[in-house]
Protein chains: 2
Amino acid sequence: MINRTRLLQKIEELGQIGQDPAGGLTRTTFTPPELEARNWLIQQLETINVDVHIDPAANIWGRTEGTRKGAPSIVFGSHIDTVPNGGKYDGALGVLIALEILTSLRERGVKTMHPLELISFSGEEPNPFRLSTFGSRALTGKLKKEQIQSVTDSSGNVLTERLEAAGGSYEQFNETQRNPLDFAHYLEVHIEQGKRLLNQGIPVGVVRGITGIYRERITVQGQANHAGTTMMGSDRQDALTAASQLVLKLEQITTESPIAELVATVGELHVYPNAANIVPGEVSFTMEIRGETEEQIASVRTQMETEFASVERQRDVVVTRDVILDQPGVPMDEMVMKTMETVSTKLGHKTLILGSMAGHDAAHMAGVTSSGMLFVPSLEGKSHCPEEESRMDDIEIVANVLYETILTLDSKGNDE
Amino acid sequence: MINRTRLLQKIEELGQIGQDPAGGLTRTTFTPPELEARNWLIQQLETINVDVHIDPAANIWGRTEGTRKGAPSIVFGSHIDTVPNGGKYDGALGVLIALEILTSLRERGVKTMHPLELISFSGEEPNPFRLSTFGSRALTGKLKKEQIQSVTDSSGNVLTERLEAAGGSYEQFNETQRNPLDFAHYLEVHIEQGKRLLNQGIPVGVVRGITGIYRERITVQGQANHAGTTMMGSDRQDALTAASQLVLKLEQITTESPIAELVATVGELHVYPNAANIVPGEVSFTMEIRGETEEQIASVRTQMETEFASVERQRDVVVTRDVILDQPGVPMDEMVMKTMETVSTKLGHKTLILGSMAGHDAAHMAGVTSSGMLFVPSLEGKSHCPEEESRMDDIEIVANVLYETILTLDSKGNDE
């Protein structure tokens, strides 16, 4: 079992690093506050005498050897970078629980058959270099040297320079990738970032899969015209009223769907020429659909296609569409899920099986090893903001479920 | 009667000045291409031997004396500045018809009782100094020295320097204002910028009044949230779907109104934070309503107030509103309108009495003297774009209606 007081103290300590005068924490990947957090974590790992290693993608590893020779590792962790003005739980909680588990196990002198490896992934969050899940993609061979070669942010900062300042290496970047046979499992605790656990009063979320994300950039081409002299009705080809109809239809389709974990959002929208006295001639916007299966996403797309055609006909506008992201859903490992449920029940806690509506490093890890995630309830469902919070009672429960899950999976030795 | 060939030639000549590589004409007020157009106009006026005068607001005047001592002037004209990538008719046509009328009258040796004054107003169009109808406001005492003192555009250009380069004077700016007793009438020809004349096949528009313009900046405050983990329905306080509902309601109210010349537009809209994966937390937009009377505008406002309240309730958002413009409608002079109609009928042309849905210098002139406007049909209703065009047949007809209107008003001598 873990030490709740110590875990709380570490949450508070790491939560001091990167405080933003504008509120919350800003630990954007590879910036000075994030480097400070990295150094703090490295020091914590050194204090408990695990083998610390920084790989070429600047992922931070803390390893303890197993008793069985050549056994693959049980890897667990998350990330410590944050969005701008984010909170102290998203990502950090998964790393700190991993740290607490390693600390407890060593304190108790518990030996595992498998090596245990804590990982703190680089750059999980959207960042100025436009490369989220940076570390997990590098580790699983999806992000290569060529892709990071000439990347800069909008201020001209060079990614490879920042990477090296964090202890990574551009030259050896491709060596970040590890042989899948090195891994027995990947396990991650994360805050839910939604209200499902909270609403049902359940402390432990066992993640069934990570949502698929589908995005289109949609352009509605109408005709810019004088806002005074162009009469209402058929004289107008108003791109914004046309886009508004599409925005509302997308909301309606997903709200009326019986599948709760099928959501859609227009988060970004631009109007041209965007002047009070001109009927909008063009509107471009993103349409994002998230769902666990391709079929669910396709059903929304099909219904929207009918609406696109109808808006084009009714409003004399032209709708063009570009797919900008089509990331399929990733299921978690059935056996790992089952283990998490069983452990949780044994410890006396209810579990809720639920989909992860956000992307996570586990989505990439699931491609190379049997993976699982546990969710901690988020107060008010808030995340990516200073108000992001989880109750210490829930955190302790989930940390202990992970602790027991690791030991159970270790004893099963199902990796042969 | 006017000389159609000569008028066409002048339209073509002035239409060469300020051609923009990106299409159409860009003669923004007080920029080098507009100064070139000014010089061209001054030269034309000098060629026909009228008294040329540039006032402190850089309005260009061309005057011929009347036969009756002390009689007030019949003033007529428009403006030669354009919007970026505009056309060669908006504004310029009114000035060129005025020039052609003066030329024809002098050619024929026609003497008028009243002085005739052509005016080409400075800066009628929206411009980088955010001062449209610059010249007519200065002439009617609505724009004063203090208001232009420290105005710059976004590139740091100083308005008063540009004004002086165009022949105006900052020191004497307030002397632009003239005694209303100097004026008998103000008359202006302008393109309609709409399709009403075209749709009814009528060549002469007699303007009944200039529309009132009412604008609010509306802010919808919702809650920015994760586009994946925030379920559809009551978990979301999406400012953009709320705004979309308002945009569509505004369109519906004005489209369903039996009053054709009551129009409303959301031309400008901004989304915050405006990212594909974040449920919009705030949307601000402009709501513009144009109508001839305050009552018409108020009726739309009242219906929208019901919708604001209902959206706030249904969607758990907060709507705040600021009035940013409340410019009442301005009626044209009944006697001048009647004269225009009678003249047109005598010349064998149908007329349509219609409201001007755009603002014009005549709106300010109507505050100080009996004023009237004639509209020329716009092909496809287009204006403020390179495709802006009017048929030469229609232009000739309206130019002759103005010619005869001036002579009729002159002979009436209704100014005593």
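Residues numbered from 1 in each chain as written. Chains lettered and ligands numbered in written order. Predicted model: local features only at pLDDT ≥ 70, side-chain atom pairs only at ≥ 80, totals over all residues. Heavy atoms only, no water.

**Details of the pattern of salt bridges**
All names here are of chain A.
Step number 1: Under the definition given, this model contains 50 salt bridges over all chains.
Step number 2: A salt bridge links R208 to E261; its shortest N-O distance comes to 2.7 Å. Within this pair, whereas R208 is found in strand β6 (residues 204–210), its partner E261 is found in the loop between α8 (239–256) and β9 (263–265), the two being separated by 53 residues in sequence.
Step number 3: Assessed through its relative accessible area of 32%, R208 is described here as partly exposed.
Step number 4: For E261, a relative accessible area of 12% gives the class buried.
Step number 5: One salt bridge in this structure joins R217 and E268, with 3.7 Å as the shortest N-O distance. Here R217, found in strand β7 (residues 212–221), pairs with E268, found in the loop between β9 and β10 (269–272); they are 51 residues apart in sequence, far enough to count as distant.
Step number 6: The structure contains a network of salt bridges with shared partners spanning R63, E65, E117, R178 and D182. (Salt bridge = Lys/Arg side-chain N within 4 Å of Asp/Glu carboxyl O. Helix = DSSP H or I, 4+ residues; strand = E, 2+ residues; numbered from the N terminus. Buried < 20%, exposed > 50% of the residue type's maximum accessible area, 1.4 Å probe, protein only.)

**Here's the deal with the relation of the copies chain A and chain B**
There are two copies of the chain, and a rotation about an axis plus a shift along that axis relates them.
Step number 1: Mapping chain A onto chain B calls for a screw motion: a turn of 179 degrees about the axis and a shift of 0.1 Å along it, with 0.1 Å RMSD after fitting. Given the turn and translation reported, the copies of this chain are related as if by a two-fold rotation axis. Of the C-alpha atoms belonging to chain A, the one lying closest to the rotation axis is found on A:S244, 2.3 Å away. (Least-squares fit on C-alpha atoms with pLDDT ≥ 70 in both.)

**Describing the domain arrangement of chain A**
Residues and elements named next belong to chain A.
Step number 1: Parsing chain A into structural domains produces domain 1 (4–210 + 329–412) and domain 2 (212–327).
Step number 2: Using only C-alpha atoms to locate each centre, domain 1 and domain 2 end up separated by 36 Å.
Step number 3: With 9 residues of domain 1 at the contact, the number on the domain 2 side is 7 residues.
Step number 4: When domain 1 packs against domain 2, close to 620 Å² is buried across both sides, 47% of that on carbon and sulfur atoms.
Step number 5: Three residues stand out in domain 1 for area buried against domain 2, namely R208, G329 and M357, and they jointly supply 68% of the buried area on that side.
Step number 6: Linking domain 1 to domain 2 there are 3 salt bridges.
Step number 7: Between the two partners, domain 1 and domain 2, sit 5 residue pairs in polar contact (both at pLDDT 80 or more).
Step number 8: Counting residues per element, the ones that place at least two in the side of domain 1 that touches domain 2 are β6 and β15 (351–356).
Step number 9: In the side of domain 1 that touches domain 2, the residues fall into 4 nonpolar, 3 polar and 2 charged. (Domains from an automatic or database assignment. Contact = heavy atoms within 4.5 Å. Buried area = accessible area lost by both parts, 1.4 Å probe. Polar contact = N/O pair within 3.5 Å; in protein donor to acceptor, adjacent residues only side chain to side chain. Nonpolar A, V, L, I, M, F, W, Y, C, P; charged D, E, K, R; others polar.)

**A word on the interface of chain A and chain B**
Step number 1: On the chain B side, the residues contacting the 57 residues of chain A number 58 residues.
Step number 2: Between chain A and chain B, roughly 4,400 Å² of surface is buried when both sides are summed, and carbon and sulfur atoms account for 58% of that area.
Step number 3: Our enumeration of links across chain A and chain B arrives at 4 salt bridges.
Step number 4: Across the chain A-chain B interface, the total number found is 14 residue pairs in polar contact (both at pLDDT 80 or more).
Step number 5: Per-element tally for the side of chain A that touches chain B: the top contributor is α8(A), with 9 residues.
Step number 6: Its residues assigned to classes, the side of chain A that touches chain B comprises 21 nonpolar, 23 polar and 13 charged.

**Focus on the pairing of strand β2 (residues 60–64) of chain A**
Step number 1: Of all 5 residues that make up β2(A), 4 are buried, and the element is covered over most of its length.
Step number 2: As consecutive antiparallel partners, strand β1 (residues 51–54) of chain A and β2(A) are separated by 5 residues, and within that stretch A:A58 has a phi angle of approximately 65 degrees, a positive value. (Pairing = 2+ DSSP bridges.)

**Here we look at the pairing of strand β12 (residues 282–291) of chain B**
All names here are of chain B.
Step number 1: Among the 10 residues that make up β12, 9 are buried, leaving the element largely enclosed by the rest of the structure.
Step number 2: Bridging between strand β9 (residues 263–265) and β12 involves 3 bridges; their strand directions are antiparallel. Looking across to β12, one finds that T265 is bridged to E288.
Step number 3: Strand direction decides the pairing type here: strand β10 (residues 269–272) and β12, joined by 4 bridges, are antiparallel. The residue bridging L269 from the neighbouring strand is F285, located in β12.

**Some words on helix α1 (residues 4–14) of chain A**
Spacing of three or four residues puts side chains on the same side of an α-helix, whose turn is 3.6 residues.
All names here are of chain A.
Step number 1: When we look at burial in α1, the residues that qualify are R6, L7, K10, I11 and L14. Down the axis of α1, the sector holding all buried residues measures 140 degrees, keeping them to one side.
Step number 2: Structurally, α1 contributes buried residues whose contacts are with α2 (32–47), α3 (92–108) and α12 (392–412).
Step number 3: At the N-terminal end of α1, a side-chain oxygen is found 3.1 Å from the backbone nitrogen of T5, two or three residues along, and the residue is N3. (Arc of directions from axis to C-beta.)

**With respect to the packing of α8(A) against helix α8 (residues 239–256) of chain B**
Helix-helix packing: each pair is described by the crossing angle between the helix axes and the interaxial distance.
Step number 1: At a minimum axis distance of 9 Å, the contact between α8(A) and α8(B) shows a crossing angle of 130 degrees. Judged by the angle between their axes, α8(A) and α8(B) are oblique. Remark: the crossing between α8(A) and α8(B) carries left-handed chirality. On α8(B), the residues touching A:L240, A:T241, A:S244, A:Q245, A:V247, A:L248 and A:E251 of α8(A) are B:L240, B:T241, B:S244, B:Q245, B:V247, B:L248 and B:E251.
Step number 2: Across the contact of α8(A) with α8(B), the residue classes tally to 6 nonpolar, 6 polar and 2 charged. (Axes fitted to C-alpha atoms, helices over the stretch in contact; angles between N-to-C directions. Parallel < 35°, antiparallel > 145°, perpendicular 65-115°, else oblique. Left-handed = near helix turned anticlockwise from the far one by under 90°.)

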